[in-house]
Amino acid sequence: MASNTIEQIGANQSFGGRQLRYKHQSAVLNCEMTFSLYLPPQAAKGPVPVLYWLSGLTCNDENFVQKAGAQQHAAEHGIAIVCPDTSPRGDGVADDPEAAYDMGLGAGFYVDAKQQPWAEHYQMYSYILDELPALINREFPVDGQRTSISGHSMGGHGALTIALKNPERFKSVSAFSPICSPLNCPWGDKVLSNYLGDDRQLWAQYDTVELIKQAKQHLPVLVDQGDADNFLAEQLKTELLVGAGQVADYPMQIRMQPDYDHSYFFIATFIAEHMAFHARALF
């Protein structure tokens, strides 16, 4: 498949709009990739704003599409939703040597890898920021000047870091259960040391807590975190994000939700509020 062509591999009608799935050859990731796209009914009349959703460890482009129930709210607001895969895929793409879930396939971490064997394919930051939006803006009725981003867990980390590093590109950012500080958790220690090497200053470029401290421009930020999340204490470190926001005087809405866990039941409960949050910024 040529790098500038896309092939539709799925289509379903949903809330008056279309839930679509495509594959294409990514020049940045050096492999074939899939993505899912919801076009609301308003897209039939002209370009609509777009939300990018980044999923978490072990997920692909379909988890959010099938479990979150976002299409109804996207249709109400007239917002397209793009769901990329979470890592490069295919023959020759490096994976965790022990086939662990938290590195390699399904665990791209939304960084540009510097170390081999990862650097050949694991350039998810550049794919999400540049290559995929260029394709979406070219091929579909979306307004690339009105873009927001959201995600869950590893994808919450991705959404927050990408938006904080590129505030001029996004109108708003939200996250469910984000990995707030890869510099200070086991997932970050494992993945960033392999993808980026031992230079922790390089790691800091992909750490939400560190980026908040340096931010010169403030975006609307919404974070939801369940207090019954079994990853909260060891991996997610929400308290570090709260503290960084207070020190940096960065206004963020960070909500601890009693009794909610890390699952898509949590996401489905609050996705309507996240879609409304982004709609206020996009319109």
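Residues numbered from 1 in each chain as written. Predicted model: local features only at pLDDT ≥ 70, side-chain atom pairs only at ≥ 80, totals over all residues. Heavy atoms only, no water.

K.L.:
I keep staring at the sheet that holds strand S1 (residues 6–14) and nothing clicks. Help me out?
P.N.:
Strand pairing in a sheet is mediated by backbone hydrogen bonds. Such pairs are either parallel or antiparallel. One open sheet holds the nine strands; their spatial order is S1-S2-S3-S5-S4-S6-S7-S8-S9, and the pairing between them is mixed. The strands lining the two open edges of the sheet, one partner per strand, are S1 and strand S9 (253–257). Ignoring which end each strand starts from, the neighbouring axes of this sheet average 20° apart. Where strand S6 (residues 142–152) lies against strand S7 (residues 173–176), four bridges are found, and the strand directions are parallel. By the bridge assignment, Ser-150 is partnered in S7 with Ser-174. Across the face of the sheet, helix H10 (residues 264–282) comes into contact with strand S4 (48–54), strand S5 (80–84), S6, S7, strand S8 (221–226) and S9 while running at roughly 175° to S7. (Pairing = 2+ DSSP bridges. Helix = DSSP H or I, 4+ residues; strand = E, 2+ residues; numbered from the N terminus. Axes fitted to C-alpha atoms, helices over the stretch in contact; angles between N-to-C directions. Contact = heavy atoms within 4.5 Å.)

K.L.:
What should I look at first to understand the nonpolar core in this one?
P.N.:
For soluble globular proteins, nonpolar side chains are generally found buried alongside one another. Residues Phe-109, Ile-136, Phe-140, Ile-149, Ile-162 and Tyr-195 are the most contacted members of the largest nonpolar core, which totals 71 residues. A total of eight residues in this core trace back to one element, the largest contributor, which is helix H3 (residues 124–139). If we skip the residues at most four places from it in the chain, Phe-109 touches Leu-57, Thr-86, Met-154, His-157, Ile-179, Trp-187, Val-191 and Tyr-195. Counting residues in hydrophobic clusters, the runner-up holds 21 residues, among them Phe-64, Ala-74, Ile-81 and Met-275. (Core = buried A, V, L, I, M, F, W, Y, C linked by side-chain atoms within 4.5 Å. Buried < 20%, exposed > 50% of the residue type's maximum accessible area, 1.4 Å probe, protein only.)

K.L.:
Hey, could you run me through helix H5 (residues 186–195) in this one?
P.N.:
Looking only at H5, the buried set comprises Trp-187, Gly-188, Val-191, Leu-192 and Tyr-195. Down the axis of H5, the smallest arc covering the buried residues is 90°, so these residues share one side. Considering only its buried residues, H5 is in contact with helix H6 (200–203) and helix H8 (232–236). Remark: Gly-197 follows H5 within two positions and exhibits a positive phi of approximately 95°. (Arc of directions from axis to C-beta.)

K.L.:
Where do I start with the environment of Ser-126 in this structure?
P.N.:
Here Ser-126 shows up in helix H3. Distance in space between the C-alpha atoms of Ser-126 and Val-111 is 7.8 Å, their sequence separation being 15 residues. Ignoring sequence-local partners within four residues, the contact set of Ser-126 consists of Val-28, Asp-112 and Glu-131.

K.L.:
Got a minute to help me understand the pairing of strand S3 (residues 31–39) in this structure?
P.N.:
The side chains of a regular strand alternate between the sheet's two faces. For S3, the tally of buried residues reaches eight of nine residues, placing the bulk of the element in the interior. The sheet contact formed by strand S2 (residues 17–26) and S3 spans nine bridges and is antiparallel. Residue pairing across strands places Arg-21 opposite Ser-36, the latter belonging to S3.

Any functional reading would require information beyond the geometric quantities listed.
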